[in-house]
Amino acid sequence: MIDLIASPSEPRLADVFHRPITYLRISVTDRCNLRCVYCMPEAGLPWISKAEILSYEEIARIVGAAAKIGVRAIRLTGGEPLIRQDLERLVAMIAAIPGIDDIALSTNGLLLAEQAQRLRDAGLTRVNVSLDTLREDRFVAIARRPGLDRVLAGIEAASAAGLGPIKLNCVVMRGQNDDEVEAFADLTRTRELAVRFIEVMPVAENVEGHASEYVGAGEILDRIGAIAELRPVSGPLGNGPARYYAFDGARGTVGVISPLSHDYCDTCNRVRLSADGRLKLCLFGDHFIDLRTPVRAGAADDELIAIFRGSMYVKPERHHLDVGQTASAMRALSEIGG
Ligand code: SAM
């Protein structure tokens, strides 16, 4: 197929290990309306000031330059992206950029019911909802705020708006919600959901309890496989590292995301943009390049493209994260959009 977007004079972005970079995850805010125990302290974090946060126009400028060198897929994340005003305005701006063909959202779902349809109308293609428990008492214990009903309503609204199949992301913690793995997996028999179990990652907030809470993907799959036979499947459309399985006759799929037990750096296709405009080259390292300063100084696309290309020399080959270690200087995934 002829590629009309990336011209021969603009070769596609790839890092020094020859991995094509086609996926940009954008944190639109570092703030959140939940305080999940594995992510953020109850009092919150020192938030980035409003003046430091990229405007929608600045984000669109960066996406426009990235699209010229082969970035195709965008994910909006945070913090909680739905607490930023008029997010559909940003979605519409990104949807209008030639070359971008997938705009996904990661949300905790609390504000999804009221926004799903207008996000879809603006051009959003898919939604991931984070949900760690199906019990309200545990929801309050893990997220430190009430809201399970609103999240479930958000999932229904997103399905009704055509944002499915929805991926449900569940962080599994021993002694907190690991006994719900089977109930989550069971949802996939009757619902067109991709339920994905995520190994809890060590960040400053949970580093002390991390080792005792950690449940590896192998153990999760063994437990689900004990309900009924699971067969490997290709899974729903996506840009990520999940491995998918399904029960016989099920409408949905079960997936595992295993950053610790199963390193998938070989196929890394992504970079991240923090809410304050830093390009982050690896989720688990301190490799940042500032994009906000050049954007605010009026840099042309060529200059932004040169910065993207230069950043590829900084992108590490792999992370060196092990159980019991923190992920660098990052205090929480909310800072760079998990
Ligand atoms: N607020 C949005 C949401 O809830 O999806 C987007 C940001 S949130 C930081 C992105 C994802 O990171 C969520 O699924 C959350 O559960 C996950 N996450 C945060 N801290 C984590 C940790 N220490 N280990 C594993 N997953 C984590």
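Since the model is a prediction, treat every value here as computed from it, not as a measurement. (Residues numbered from 1 in each chain as written. Predicted model: local features only at pLDDT ≥ 70, side-chain atom pairs only at ≥ 80, totals over all residues. Heavy atoms only, no water.)

1. Examining the overall build of the chain
And step 1. Helices and strands together make up the secondary structure of the chain, namely 10 helices and 12 strands.
And step 2. Here the chain holds 338 residues, and 56% of them are scored as buried.
And step 3. Taking the intrachain contacts of the chain between residues at least 6 apart in sequence as the baseline, contacts between residues at least 24 apart amount to 73%.
And step 4. Carbon and sulfur atoms provide 54% of the accessible area of the chain, an area that totals close to 13,900 Å². (Helix = DSSP H or I, 4+ residues; strand = E, 2+ residues; numbered from the N terminus. Buried < 20%, exposed > 50% of the residue type's maximum accessible area, 1.4 Å probe, protein only. Contact = heavy atoms within 4.5 Å. Areas by Shrake-Rupley, 256 points an atom, 1.4 Å probe, with all protein chains shown as cover.)

2. Considering the site of the ligand
And step 1. Neighbouring residues of the ligand: 17 residues in total, closest Y38, G79, E80, S130 and M201.
And step 2. Between an oxygen atom of the ligand and a side-chain N or O atom of Y38, the distance comes to 2.9 Å.
And step 3. Contact distances for the ligand include 2.8 Å between a nitrogen atom and a backbone N or O atom of M201.
And step 4. Considered on its own, the ligand offers 550 Å² of accessible surface; in the complex 93% of this is hidden by protein. (Near = heavy atom within 4 Å. Polar contact = N/O pair within 3.5 Å; in protein donor to acceptor, adjacent residues only side chain to side chain.)

3. A look at the packing of aromatic side chains
And step 1. What the rule picks out here adds up to one aromatic pair.
And step 2. Plain terms: the ring middles of F184 and F197 are 6.4 Å apart, the flat faces sit at 90° to each other, and that makes the pair edge-to-face. One end of the pair, F184, is in helix α6 (residues 181–190); the other, F197, is in strand β6 (residues 193–199), and 13 residues separate them in sequence. Pair check on accessibility: F184 and F197 agree, each one buried.
And step 3. Lying across the ring of F247, R189 places its NZ or CZ 4.4 Å from the centre.
And step 4. Looking at R278, its charged tip hangs above the ring of F288, at a distance of 4.1 Å from the centre. (Phe/Tyr/Trp six-rings, centres within 6.5 Å; stacked < 30°, edge-to-face > 60°. Lys NZ or Arg CZ within 6 Å of the ring centre and 35° of its normal.)

4. A closer look at the environment of S258
And step 1. Position of S258 relative to the elements: it lies in the loop between β9 (253–257) and β10 (270–273).
And step 2. As for S258 and V200, which are separated by 58 residues in sequence, their C-alpha atoms are 8.7 Å apart.
And step 3. A polar atom in the side chain of S258 sits 3.0 Å from the side chain of R243.

5. Looking at the nonpolar core
Side chains of a nonpolar character, in soluble globular proteins, are inclined to be buried together.
And step 1. I26, L76 and F197 are the most contacted members of the largest nonpolar core, which has 101 residues in total.
And step 2. Looking at this core, the element that brings in the most residues is helix α1 (residues 56–68), giving seven residues.
And step 3. Residues within four places of I26 in sequence aside, it is in contact with I59, V63, I74, R75, L76, T77, I94 and L273. (Core = buried A, V, L, I, M, F, W, Y, C linked by side-chain atoms within 4.5 Å.)

6. A look at the environment of R270
And step 1. Within the fold, R270 resides in strand β10.
And step 2. There is a polar contact of 3.3 Å between the side chain of R270 and the side chain of N269.

7. What about the packing of α1 against helix α2 (residues 87–95)?
And step 1. Two numbers describe how α1 lies on α2: the axes approach to 10 Å, and their chain directions differ by 25°. In terms of axis orientation, α1 runs roughly parallel to α2. As α1 packs across α2, the resulting crossing turns out to be right-handed. Seen from α1, the contacting residues are Y56, E57, I59, A60 and V63; seen from α2, they are L87, R89, L90, M93 and I94.
And step 2. Of the residues in the contact of α1 with α2, the class split is eight nonpolar, no polar and two charged. (Axes fitted to C-alpha atoms, helices over the stretch in contact; angles between N-to-C directions. Parallel < 35°, antiparallel > 145°, perpendicular 65-115°, else oblique. Left-handed = near helix turned anticlockwise from the far one by under 90°. Nonpolar A, V, L, I, M, F, W, Y, C, P; charged D, E, K, R; others polar.)

8. Some details on the pattern of salt bridges
And step 1. Summed over all chains, the structure comprises 20 salt bridges.
And step 2. Salt-bridge contacts for R19 lead to D15; the nearest nitrogen and oxygen are separated by 2.7 Å. Considered together, R19 and D15 belong to a single accessibility category, that of buried residues.
And step 3. Measuring nitrogen to oxygen at the nearest pair gives 3.4 Å for the salt bridge that ties R118 to E88. Of this pair, R118 sits in helix α3 (residues 112–122) while E88 is found in helix α2, placing the two residues 30 residues apart along the sequence.
And step 4. On the accessibility criterion, R118 (41% relative accessible area) is partly exposed. (Salt bridge = Lys/Arg side-chain N within 4 Å of Asp/Glu carboxyl O.)

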